Amino acid sequence: MGKIKKRRPNKSQAPEVVETIEHEIPLESNENAIQTIIDQLQTVNVEEKYCGLQTFAMLIESPENIEKIIDQSLIKIVAPLLLDPSVSVRNAAAGSLRNLSVFQQVCEALMEQDVMTPLVCYFHQFTETWTPEVNTKTKDEEIDTFIQCVNLLLNLCESSDLAVKYLTESRILDILPRYLDIATFGSDIVIAVLQCILVVVEDNNVAMKKIHLTTEQNLKGFLLLDSNEPHILLIKTLAAGIVINMCNGNIASLPVDVVSQIMQILAKTLSIDHRMACNQLSSSVPLQNGAGKIVQTKGKDGLVLQNQIKAVTHMLDAQQSAIEILANICSCEDDDEMEGDESSESEENIDDDIITNGETLHSEDKLPPEVLEAMISLELFDKVWSRTQLPAENVLLILKEYEESLLVYKKIHNLQTRALLCVNNILMTLPIDKLGGVNGVYRIWVDAGKLVFKQNSDNLNLVESATAVMRAALDKIKFRENGNINNDSGLFSDLALTDIEIMLNGIKDCQVPEIRSNLIRMIGILALLLVNNINDTTTTVICTITEFLLDQAHKENEVWVLAEAIDTLVDLYSEDETDEIAAKVKLVEKLGILGPILKNKSRQQRKLPKEYKVLVSTVSSNLPRFIKYKKARISSL
């Protein structure tokens, strides 16, 4: 299996925000509300414009309103207000546009309605020489406006190459580094700028050169900061990520002492117990009263609670950034791995082994020695795996019910998903004996399975990440000593047919192709592992899995998932020990029926990502040869 390719996650705001707070704007009045907003925004009166922006912000909190707002080209009217003479109007416009940009599918509309022109002008006009003045009434609004605009820029650049082009051609990358002075601008501004730079410099040579010239000393200083305060840990972690991104993600090109420093920072960030921090926060959050309402904490106590929420948020952001950095370090992806006419096994083989001078180069050998040593000595896998564990259910419920801590609740779940993706990559690169051996990896498979099948999770991002871990864990076991599991290991001995049926039902009910693919490959590997211990029980399980995969293949609409199912069956029955089972389930005849179906669907679905095209093409060419081979073996039984 190669690197899990995901859209780069948003560093400032989690993309899986799905819950919204309903405001009392009747649906039938939305058309009138939008026209009223347009009228208000186009007046010269500051109060009217501000009122219109407040209504606009309220409207976009309901996702069903966003399409109407886009259709009415309301963004074209709001965006220029980033340049309004009124600080309050600029602040309200920046906040609402930033909130809109959280939805990645909306960023395309923001670009189409030219939000970048006024946004770039905002930085050129208002930020080249600005420094917060302590005693001015507008200081807090100006700081918040700057942060919102930086976050808006970040979100757009994450979703649009055109936004990155606009940014690179502007003077913004010359302006932002001046804000990396904690003493002058404070940690909130520094964090926002670092988050933006981290995204912009990735795979962007022009940005790398600009940022390298202007921020090298700042970054070195951030790496040396000595504090366990959450905001400082976040700054150090973001700085570490930028340093890696500025060398095109090639950590091995950095000096050994810098690599050691970065790994120590990641370990320190991930050493904080996120569950304990959330438990402590939940003890301070107000609960529902007898009337079922939550009274917001105010005054000095309210300020203390806000600071506590902010600290936990910074801690979660720092840990998510650390996990994403580790995931990229452990991806070990070669650009040319997908080229040529490789066997389809390259799609799923966890080791991606390379033969050089007669010796096999395993995936763990691809990590720089100093990184591998640090991963092991600093117990980074255990620290990442701990992030997959959520706080107690009652703690989550308390955090979810209080509006001020709702973001913490969302960030905890996003951290869990990111951690699972990181676990997937670490499984590919760490030697199995450093993961607790075969039994340790098997426990990972079981625990990931509980997230998929036992919790009935509606979080599809979590399910996709967990199924990727399940697939990677079984792959790791499969390639341990060529998949020869000792009979006395007890591995899978407690796996009942009912457990298999739960997995198969999970695939049947799954609507997401990527998750179906992971599960199909995973149960195929499971069946292949059982081939090493053929008995009446394992034969029944293998037959059940085979018949399910054949049935699922007939029902599958996505050609690449169909190819995955066929490829899984080919892998399973390539073992000579399976000849009798193949005859029992009439494998050859049934695969012969699937061949034309695969060809027909491949003609219908030509527009596929590169890796899917390779899979479909390889399976299409391999299937006839396999059928001929297996038919000959079965006929000689």
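Bear in mind the structure is a predicted one, so any value in this text is a computation, not a measurement.

A. Just the overall build of the protein, in detail. What the protein contains, in helices and strands, is 29 helices and two strands. Scored against the burial criterion, the 637 residues of the protein give a buried share of 54%. If you take every contact in the protein between residues at least 6 apart in sequence, the share linking residues at least 24 apart comes to 78%. Of the roughly 28700 Å² that the protein leaves accessible, carbon and sulfur atoms contribute 48%.

B. Fine view of the confidence of the model for the protein. Here the protein averages 86 in pLDDT, while 86% of its residues score no lower than 70. Element-level pLDDT for the protein is lowest in strand E1 (residues 354–356), with a mean of 44, against a maximum mean of 97 in helix H13 (residues 230–245). Every residue in residues 334–360 is under pLDDT 50, and counting partners more than four places away or in other chains gives 64 contacts.

C. Fine view of the packing of aromatic side chains. The full count for this structure, using the stated rule, is ten aromatic pairs. Sitting above the plane of the Phe126 ring, Arg90 keeps its charged end 4.0 Å from the centroid. Cation over ring: Arg178 sits above Tyr179, and NZ or CZ is 4.9 Å from the ring centre.

D. Seen up close, the packing of helix H24 (residues 513–530) against helix H25 (residues 536–555). Relative to each other, H24 and H25 sit at 150 degrees, their axes nearing to 9 Å. Here H25 runs roughly antiparallel to H24, going by the angle between their axes. When you trace H24 past H25, the crossing you get is left-handed. Side by side, H24 and H25 meet where Arg516, Ile520, Ile523, Ala527 and Leu530 of the first sit next to Thr538, Val541, Ile542, Ile545, Phe548, Leu549 and Gln552 of the second. Considered class by class, the residues forming the contact of H24 with H25 number nine nonpolar, two polar and one charged.

E. Fine view of the packing of helix H11 (residues 182–200) against H13. Where H11 meets H13, the axes come as close as 9 Å, and the angle between the chain directions of the two elements is 40 degrees. As judged from the angle between their axes, H11 and H13 are oblique. In this structure, the crossing between H11 and H13 has a hand that is left-handed. Counted together, Ile182, Ser187, Val190, Ile191, Leu194, Gln195, Ile197 and Leu198 of H11 and His231, Leu234, Ile235, Leu238, Gly241, Ile242 and Asn245 of H13 form the full contact between these two elements. Looking at the contact of H11 with H13 residue by residue, the class counts come to ten nonpolar, five polar and no charged.

F. Molecular detail of the pattern of salt bridges. Counted according to the given criterion, the structure contains 17 salt bridges. Between Asp576 and Arg633 there is a salt bridge whose closest N-O contact spans 3.5 Å. Taken together, the positions of Asp576 in the loop between helix H26 (559–573) and helix H27 (579–584) and Arg633 in helix H29 (residues 610–635) put the pair 57 residues apart, joining distant regions of the chain. A relative accessible area of 38% places Asp576 in the partly exposed class. Overlapping salt bridges bring together Arg471, Arg521, Glu564, Asp567 and Asp571 as one network.

G. Local environment of helix H9 (residues 161–169). Regarding H9, the residues found buried are Ala163, Val164, Leu167 and Thr168. End-on, the buried residues of H9 take up no more than an arc of 135 degrees, which puts them together on one face. Summarising the contacts, the buried residues of H9 are in contact with helix H6 (104–112), helix H7 (116–126), helix H8 (139–159), helix H10 (172–175), H11 and helix H12 (205–223). The residue sitting at the N-terminus of H9 and contributing the capping side-chain oxygen is Ser160; that oxygen lies 3.2 Å from the backbone nitrogen of Leu162.

H. Up close: unusual backbone geometry. Positive phi is not limited to glycine here, since Asp203 has a value of about 55 degrees. In this structure, Asn248 takes a positive phi of about 60 degrees despite not being glycine. With respect to the helices, strands and loops of the structure, Asn248 is situated in the loop between H13 and helix H14 (256–270).

Rules used in this analysis
- Residues numbered from 1 in each chain as written.
- Predicted model: local features only at pLDDT ≥ 70, side-chain atom pairs only at ≥ 80, totals over all residues.
- Heavy atoms only, no water.
- Helix = DSSP H or I, 4+ residues; strand = E, 2+ residues; numbered from the N terminus.
- Buried < 20%, exposed > 50% of the residue type's maximum accessible area, 1.4 Å probe, protein only.
- Contact = heavy atoms within 4.5 Å.
- Areas by Shrake-Rupley, 256 points an atom, 1.4 Å probe, with all protein chains shown as cover.
- pLDDT = per-residue confidence, 0-100.
- Phe/Tyr/Trp six-rings, centres within 6.5 Å; stacked < 30°, edge-to-face > 60°.
- Lys NZ or Arg CZ within 6 Å of the ring centre and 35° of its normal.
- Axes fitted to C-alpha atoms, helices over the stretch in contact; angles between N-to-C directions.
- Parallel < 35°, antiparallel > 145°, perpendicular 65-115°, else oblique.
- Left-handed = near helix turned anticlockwise from the far one by under 90°.
- Nonpolar A, V, L, I, M, F, W, Y, C, P; charged D, E, K, R; others polar.
- Salt bridge = Lys/Arg side-chain N within 4 Å of Asp/Glu carboxyl O.
- Arc of directions from axis to C-beta.
- Polar contact = N/O pair within 3.5 Å; in protein donor to acceptor, adjacent residues only side chain to side chain.

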